[in-house]
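Summary of the model geometry
Single-letter residue listing:
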Amino acid sequence: MNILIAMPQTTICGTVWDEQKSTIAGANIYLEGTYDGSSSEADGTFCFSTTYTDSVVLVGSFIGFNQYRQEMVLQGDSVKIEITLVQSASGLNTVVISAGSFEAGTGKSEVLRPLDIVTTAGATADIAAALNTLPGTQIVGEEGRLFVRGGDGYETTTFIDGMLVKESYDLSAPNVPTRSRFSPFMFSGTQFSTGGYSAEYGQGLSSALILNTKEVATETRSDFSFISVGLEAAHTQGWEKASLAGKLGYFNLDPYYNIIRQDIDWTDPPTTLDGNLAFRQKVGAHGMFKSYGKFSRSSLAFNQDPFTLSPALIHMRLQDQYGHLNASYKDLLSDKWTIRTGVSYTYAQDDIKIDNDAVREHTRGWHGKVVFGHQYSDRIFLRMGGEIITSSHDQDFVESETGFRNRFAFSERILSTFIETEWNLSRELVARLGGRIEYNNLQQRISADPRLSMALRTGEDSQLSLAYGHFRQSAPADLLRIAQDLRSEKATHYILNYQWMRDRRTFRVEAYWKNYQQLISFDPVLPYVRESYSNEGDGYARGIDLFYRDAESFRNIDFWISYGYLDTERAYRDFPVSASPTFTSKHNFSVVYKQFINSLRSQIGFTYSYASGRPYHDPNTLQFNGKRTPSYQDLSANVSYLATSQIIVYLSISNILNRENIFGYQYQTEPNSQGIYEGKPITLPAPRFLLAGVFVTLSKSKSVNQLPHL
Amino acid sequence: MKNLLFFIGISALAALSFTDPYTQAMMKGKDLLEQAQDQQDFRAASNQFARIAEREHDKWLPAYYAGYAMTMVAAMEATPEAKDEVLDHVQTYLDKIASIEHNECEALALQGFVYMLRISVDPATRGPEYSAMSAASLQKAKSLDENNPRVLHLLAQLSFGSAQFFGSDTSEACQLNDLSLEEFISRAKEVEDESLDPNWGQNMAQAFKAQCEN
């Protein structure tokens, strides 16, 4: 009941519109700092009265739109006003550049989710293996690393929380596929770039694998894994604003190799002990501090048949020690500025004994980085930063018989700075322009690399995008240690992409052309002499990738098909002429199928992969890399069964079709008595890989288990 | 003299029935909420509370109701993207409450409810992660008020969904829901007319009981 004193009442009425002249219902229209206001009706009209007078601010707001503000002076007369709300530039509406990039995360533009990467059959929870079912990747079955669009394995660089990671693959014997050292369980977001990536990242000639670790874990849990190749125990302690997670694992392939015959004469099958620790802490209202540490020790030993005319088995022993430490911090500095900074350190020591000769290699590196983000205006976002990357590497070789010693070493320091602007020209068009400037102390040069990408919305669910950029990577360690002043290898990328995404179906087609320059080549006759090395190599890679994914059409079924056509040649390393490298094939094709069967409480998956013949060099012929292996084909399957809400049973098997895949041929270094070089095929040591495991999760909430990771 | 007495009388009457603007505005909002049927109604209720919340920086209740009303809007959204967008907005209210009042049972219960709705946007991917987060919020709410009917009902819904998925026994979840209904009824009897405390959820628990009976 109001006190009966007459006060002037002003009525404010009107209609709320959007820019397309449709009315908006449910918008909040009110006088700032008061309770007076109302909600617009179904027809967009509103009307309310107020006793406030003089200067007021009329505010209009609705989700997804910028706030409307209008200053006015009320003097008791009624006010009629038309309000137009402007859609905000961020959110559902903006176009996100998809050229050259597959993003898996909780964002809206993702093509793959982290779960997808980990549940792919045949991948046995290895990131590289799972990504190998995407277009643009080349199946190199005996290697296990990522080879992207005609590029060598070293051309893909891995980043965790923005920090460079060296030596990201496990120790393994020759022609035995390796695995990524980092388990996909750690990551909440993955961005796999097949080219044209942001100016923030450098030192990846072909592609960047950008991984983001999980945020603070809120639940406390313990996980135990019993697998046919080892054991793992992990514990996560969650508090309100922080979490600490630790994992310890021990793997030994001896029992497995005793059951399933392998074609390698192991004297000590691979064993690995590894552990990691991850700490997260929320800082203030918007900040996050993350720290991650990993260590591992691996060893293996086997008798190698050197395949020469006078065969005497060589005993090979490999030992690897690895440590990686990473700390990062991100926060809002103000409502328009953000900061992301981090530092990482990697240490790797490898000891190789070839009979009694010994080789010891050390790799050490630091990476320090700071990136500032600035929302310059509603449509323009700036990103700029600087980093320092150091790399020191040495190799010591001792020949036991003669006592001959040799040492190669280098210490490289790269300083770089980058700036990039993301410009939403409209809701249909976004452009990203940027560049990187790098200084390399071994080359004593400053270089500048521009990057540009754009996306244009062509329809409600489709977009066209393109990317162009210069990329450079300093020489791989095994070459740089012999010739420290080698220039960086360079590649120019041109990418054009069309993508259609609706509900849970995606279609993508992407055409690319990579132009390689300054590739390192050396004379194979004198490989350990500086003078043999130069940057005179070059090459090209071009092709088209197609991708279709459908998680919508069939209930509980998710599948994707990817195909890539690649045409590439290069002259690099010890190639006498320009030719297609052995790690490429003209056609790459994958089908991945997953289905959740409710009645059986299981998820089953199949992956079929095909790659056309790979080049290899037959010394009995004249043409370098002129011959082709038979095609590669593999059908793998996996099954995850929820025995109870806390126990999962897992089984995976590769090469169900029992095909003997040949990856290349190895030839004798000298011809036999008939003048013919004898050759033998390079195959996997066993026709298939079986993995069986039981995963147990203990936590207060019974609905938590390891299913998302399998 | 007569005028003075009259004036004093009127003022006294006015003073007795005078409710402060804050309570008045909140009661108006609660009325809108009680009568709300569709998204439009819930948006109107949310807007009313949002206006109050903007002014009252040290009170969590207006932001709570603004968030609750928008949660109802989200629950009725047709497309997953729209659901997520509205829930993002609700989360801003919940974050604001958390900065004012850390350990508020009702706010934590609402947070648990929001996490449950997030699951429905993409059950396959979000199921495990968000059920864990929802359970954590609801358990914390329960530790602050053991028999809060909203907390009990939401926990019942969460464990029912989980039990269904794993094919295990749903009776425990249904018993929990019956307990929540008892609490709803007993607390409704004790509440004062002008109370601003949350009292929603009985209809939801009633409707859920029907699911249990099948």
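Residues numbered from 1 in each chain as written. Chains lettered and ligands numbered in written order. Predicted model: local features only at pLDDT ≥ 70, side-chain atom pairs only at ≥ 80, totals over all residues. Heavy atoms only, no water.

1. With respect to the interface of chain B and chain A
- Listed by partner, the interface residues are 36 residues for chain B and 38 residues for chain A.
- Surface buried jointly by chain B and chain A totals about 3,300 Å² across both partners, of which 58% is contributed by carbon and sulfur atoms.
- On the chain B side of the interface with chain A, the three residues burying the most area are B:Arg51, B:Arg55 and B:Phe166, jointly 22% of the side's total.
- For the pair chain B and chain A, the interface holds 11 residue pairs in polar contact (both at pLDDT 80 or more).
- Looking at the side of chain B that touches chain A, the elements with two or more residues in it are α2 (21-35), α3 (39-55), α5 (80-100), α7 (123-144) and α8 (149-166) of chain B. (Contact = heavy atoms within 4.5 Å. Buried area = accessible area lost by both parts, 1.4 Å probe. Polar contact = N/O pair within 3.5 Å; in protein donor to acceptor, adjacent residues only side chain to side chain. Helix = DSSP H or I, 4+ residues; strand = E, 2+ residues; numbered from the N terminus.)

2. Thoughts on the sheet that holds strand β5 (residues 54-61) of chain A
All names here are of chain A.
- Across the sheet, which stays open at both edges, the four strands sit in the order β3-β2-β5-β6 with antiparallel pairing between neighbours. One side of each edge strand has no neighbouring strand; the edge strands of this open sheet are β3 (37-39) and β6 (68-74). Ignoring strand direction, the axes of neighbouring strands in this sheet form an average angle of 15°.
- Note that β5 and β6 share seven bridges and pair antiparallel. Bridge pairing links Asp 54 to Leu 74 in β6. (Pairing = 2+ DSSP bridges. Axes fitted to C-alpha atoms, helices over the stretch in contact; angles between N-to-C directions.)

3. So, the packing of helix α6 (residues 105-121) of chain B against α8(B)
All names here are of chain B.
- Closest axis-to-axis distance for the α6/α8 pair is 10 Å, and the angle between their directions is 20°. With respect to α8, the axis of α6 lies roughly parallel. The way α6 lies across α8 gives a crossing that is left-handed. Contact residues: Cys 105, Glu 106, Ala 109, Phe 113 and Met 116 in α6; Arg 150, Val 151, Leu 154, Gln 157 and Leu 158 in α8.
- Residues that form the contact of α6 with α8 fall into these classes: seven nonpolar, one polar and two charged. (Parallel < 35°, antiparallel > 145°, perpendicular 65-115°, else oblique. Left-handed = near helix turned anticlockwise from the far one by under 90°. Nonpolar A, V, L, I, M, F, W, Y, C, P; charged D, E, K, R; others polar.)

4. Side note on the state of the cysteines
All names here are of chain A.
- Counting across every chain of the model gives two disulfides over all chains.
- For Cys 13, the disulfide goes to Cys 47, at an S-S distance of 1.8 Å. Taking the sign of the S-S torsion, 55° for the link of Cys 13 and Cys 47, the bridge is right-handed. Remark: Cys 47 occurs in strand β4 (residues 45-50) and Cys 13 occurs in strand β1 (residues 10-18); sequence separation between them is 34 residues.
- Residue Cys 13 is classed as buried on the basis of its relative accessible area of 15%. (Disulfide = S-S within 2.5 Å. Buried < 20%, exposed > 50% of the residue type's maximum accessible area, 1.4 Å probe, protein only.)

5. Looking at unusual backbone geometry
Residue and element names in this part refer to chain A.
- Look at Glu 167: it is not a glycine, yet its phi comes out positive at around 50°.
- Tracing the chain through its elements places Glu 167 in the loop between β12 (163-165) and β13 (187-193).
- The backbone phi angle of Asn 655 is positive, close to 55°, even though this residue is not glycine.
- Here Asn 655 lies in the loop between β37 (647-653) and β38 (664-667).

6. A short note on the pattern of salt bridges
Residue and element names in this part refer to chain A.
- Scanning all chains against the criterion turns up 46 salt bridges over all chains.
- A salt bridge links Asp 351 to Arg 360, with the shortest nitrogen-to-oxygen separation between them at 2.7 Å.
- On the accessibility criterion, Asp 351 (17% relative accessible area) is buried.
- Measuring nitrogen to oxygen at the nearest pair gives 2.9 Å for the salt bridge that ties Arg 407 to Asp 396. In this pair, Arg 407 is assigned in strand β24 (residues 405-424) and Asp 396 in strand β23 (residues 380-398), connecting sequence segments 11 residues apart.
- Of the residues examined, Arg 407 reaches a relative accessible area of 49% and is grouped as partly exposed.
- Ionic contacts of the salt-bridge type, sharing partners, join the residues Arg 149, Arg 508, Glu 510 and Asp 545 into one network. (Salt bridge = Lys/Arg side-chain N within 4 Å of Asp/Glu carboxyl O.)

7. A look at a negative patch on the surface
- A contiguous patch of negative charge, built from B:Glu192, B:Asp193, B:Glu194 and B:Asp197, is present on the exposed surface.
- Note on B:Glu194: relative accessible area 51%, which makes it exposed. (Patch = residues over 30% accessible without salt bridge, like charges linked within 9 Å, V, L, I, M, F, W, Y side chains within 5 Å. Areas by Shrake-Rupley, 256 points an atom, 1.4 Å probe, with all protein chains shown as cover. Lys, Arg positive; Asp, Glu negative; His and termini not counted. Charge placed at Lys NZ, Arg CZ, Asp CG, Glu CD.)

8. Let's talk about the domain arrangement of chain A
- Here chain A is described as being made up of domain 1 (5-87) and domain 2 (101-233 + 307-315 + 424-709).
- When each unit is reduced to the centre of its C-alpha atoms, the spacing between domain 1 of chain A and domain 2 of chain A is 56 Å. (Domains from an automatic or database assignment.)

9. Things to note about the nonpolar core
- Judged by nonpolar contacts, the single largest core of 49 residues is most densely connected at B:Met26, B:Leu33, B:Leu61 and B:Tyr64.
- Taken together, the elements giving at least two residues each to this core come down to α2, α3, α4 (61-75), α5, α6, α7 and α8 of chain B.
- The biggest single contributor to this core is α4(B), with 11 residues.
- When we break this core down by domain, the ones giving at least three residues each are domain 1 (21-102) and domain 2 (107-214) of chain B.
- Those residues in contact with B:Tyr64 that sit more than four places away from it in its chain are B:Ile97, B:Glu106, B:Ala107, B:Leu110, B:Arg150, B:Pro198 and B:Trp200.
- Ranked by size, the runner-up nonpolar core spans 23 residues in total, among them A:Ile127, A:Leu134, A:Tyr169 and A:Phe192. (Core = buried A, V, L, I, M, F, W, Y, C linked by side-chain atoms within 4.5 Å.)

10. Looking at α4(B)
- Between the first and last C-alpha of α4(B) there are 21 Å, a value that for 15 residues agrees with the 21 Å anticipated at 1.5 Å per step.
- Within α4(B), 14 of the 15 residues are buried, which leaves it mostly tucked inside the rest of the structure. (Expected span 1.5 Å × (residues − 1).)

11. A word on the confidence of the model for chain B
Residues and elements named next belong to chain B.
- Chain-level pLDDT for chain B is 86 on average; 91% of the residues reach the 70-or-more range.
- By mean pLDDT, helix α1 (residues 2-17) is the weakest element of chain B at 60, and α4 is the strongest at 95.
- We note a pTM of 0.81 for the whole complex and an ipTM of 0.86 for its interfaces. (pLDDT = per-residue confidence, 0-100.)

12. Topic: the pairing of β5(A)
- Here strand β2 (residues 28-31) of chain A pairs with β5(A) via four bridges, running antiparallel. The residue of β5(A) that forms the bridge with A:Leu31 is A:Leu58.

13. Description of the pairing of strand β22 (residues 357-375) of chain A
All names here are of chain A.
- Where strand β21 (residues 337-354) and β22 come together, 18 bridges link them in antiparallel fashion. From the neighbouring strand, Gly 342 faces β22, where its bridge partner is Lys 369.
- Hairpin geometry of β21 and β22 is characterised by an intervening segment of two residues between the two adjacent antiparallel strands and by a positive phi of about 55° at Asp 355.

14. Focus on the packing of aromatic side chains
All names here are of chain A.
- Scanning the entire structure with this criterion turns up 31 aromatic pairs over all chains.
- With 5.5 Å between their ring centres and 15° between their planes, Tyr 257 and Trp 266 make a pair best called stacked. Assigned by exposure class, Tyr 257 and Trp 266 land together as buried.
- One aromatic cluster in this structure is built from Tyr 256, Tyr 257, Trp 266, Phe 302 and Phe 689. (Phe/Tyr/Trp six-rings, centres within 6.5 Å; stacked < 30°, edge-to-face > 60°.)

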